[in-house]
Amino acid sequence: QVQLVESGGGLVQAGGSLTLSCATSRRTFRPYAMGWFRQAPGKEREFVAGISWNDARADYADSVKGRFIISRTYATNTVTVEMNSLKLGDTAVYYCACRTVVGRWPLDADSGYDYWGQGTQVTVSS
């Protein structure tokens, strides 16, 4: 089983920065595609950022492109998303996801991910 734990959420003022981390409970035997999603109250879960299993590709939602950066530290099985120039609309619960099934899904397809963390709250204030 793959267990994911998000951390780094909190309250931040608009225009500020925050970095979220996603750690696995133990080291994996091989790299997996990883993604970040978020869900605001009353809204559907949406894709934020994803990184391919071999770090060859990183995708971002249009709403965060140029502001967020996803990266991976293989040695610690940790994936982070650096969030800059935060806006009020970025307020949401952020979820880390892992894809262990071999397939050909795009990184922004939540159906392609089979493990999910419990989420961490990010609140952006004015």
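Further up the page is the structure itself.
The structure reproduced in this document is the subject of the present report. (Residues numbered from 1 in each chain as written. Predicted model: local features only at pLDDT ≥ 70, side-chain atom pairs only at ≥ 80, totals over all residues. Heavy atoms only, no water.)

## Regarding the overall build of the chain
For the record, the criterion: Helical segments are the DSSP runs of H or I of at least four residues, strand segments are the runs of E of at least two, and each set is numbered from the N terminus. Radius of gyration here is computed from C-alpha atoms only, and the compact-globule reference equals 2.2 Å multiplied by the residue count raised to the power 0.38. Partly exposed residues are those whose accessible area sits between 20% and 50% of the maximum for their type, while under 20% is buried and over 50% is exposed, using a 1.4 Å probe and protein chains only.
Helices and strands together make up the secondary structure of the chain, namely zero helices and 11 strands. Counted from the first residue to the last, the chain has its helices and strands arranged as β-β-β-β-β-β-β-β-β-β-β. Relative to the compact-globule value of 14 Å for 126 residues, the chain shows a C-alpha radius of gyration of 14 Å, a close match. With the C-alpha coordinates of the chain rotated into their principal frame, the extents come out at 45 × 25 × 25 Å. Per-residue burial for the chain yields a buried fraction of 44% across its 126 residues.

## Focus on the sheet that holds strand β1 (residues 4-7)
Let me state the cut-off plainly: Pairing between two strands requires that DSSP report at least two bridges joining them. Helix axes use the C-alpha atoms of the stretch in contact, all axes being lines fitted to C-alpha atoms, and the angles between their N-to-C directions lie in the range 0 to 180 degrees.
Read across the open sheet, the four strands follow the order β1-β3-β8-β7; overall the sheet is antiparallel. Each having just a single partner strand, β1 and β7 (68-73) make up the two edges of the open sheet. Strand-to-strand twist of the sheet, defined as the mean angle between neighbouring strand axes without regard to direction, takes the value 15°. The pairing of β1 with strand β3 (residues 18-24) spans four bridges and is antiparallel. Bridge pairing in β3 links Val5 to Ala23.

## Observations concerning the side chain of Asn84
Which entries qualify depends on this criterion: Here a polar contact is recorded for every N or O atom pair within 3.5 Å, except that within protein the pair must consist of a potential hydrogen donor and a potential acceptor, and residues adjacent in sequence are included only if both atoms are side-chain atoms. By definition in these notes, contact holds between two residues if any of their heavy atoms fall within 4.5 Å.
One can find Asn84 in the loop between β8 (78-83) and β9 (92-99). Polar side-chain contacts of Asn84 include one of 3.2 Å to the side chain of Glu82. In this structure Asn84 touches Gly16, Ser17, Arg67 and Phe68, once residues within four positions along its chain are discounted.

## Thoughts on the pattern of salt bridges
To keep it simple, the criterion reads: Salt bridges are defined as contacts in which a side-chain nitrogen from Lys or Arg sits within 4 Å of a carboxyl oxygen from Asp or Glu.
By the definition in use, this model includes six salt bridges. For Arg38, the salt bridge is made with Asp90, and the minimal N-O distance between the two is 2.8 Å. Here the residue Arg38 occupies a position in strand β4 (residues 33-39), and Asp90 occupies one in the loop between β8 and β9, the gap between them amounting to 52 residues. Between Arg67 and Asp90 there is a salt bridge whose closest N-O contact spans 2.8 Å. One end of the pair, Arg67, is in the loop between β6 (58-60) and β7; the other, Asp90, is in the loop between β8 and β9, with 23 residues separating them in the sequence. A single burial state applies to Arg67 and to Asp90, both of which are buried. Residues joined in a network through salt bridges with shared partners are Arg38, Glu46, Arg67 and Asp90.

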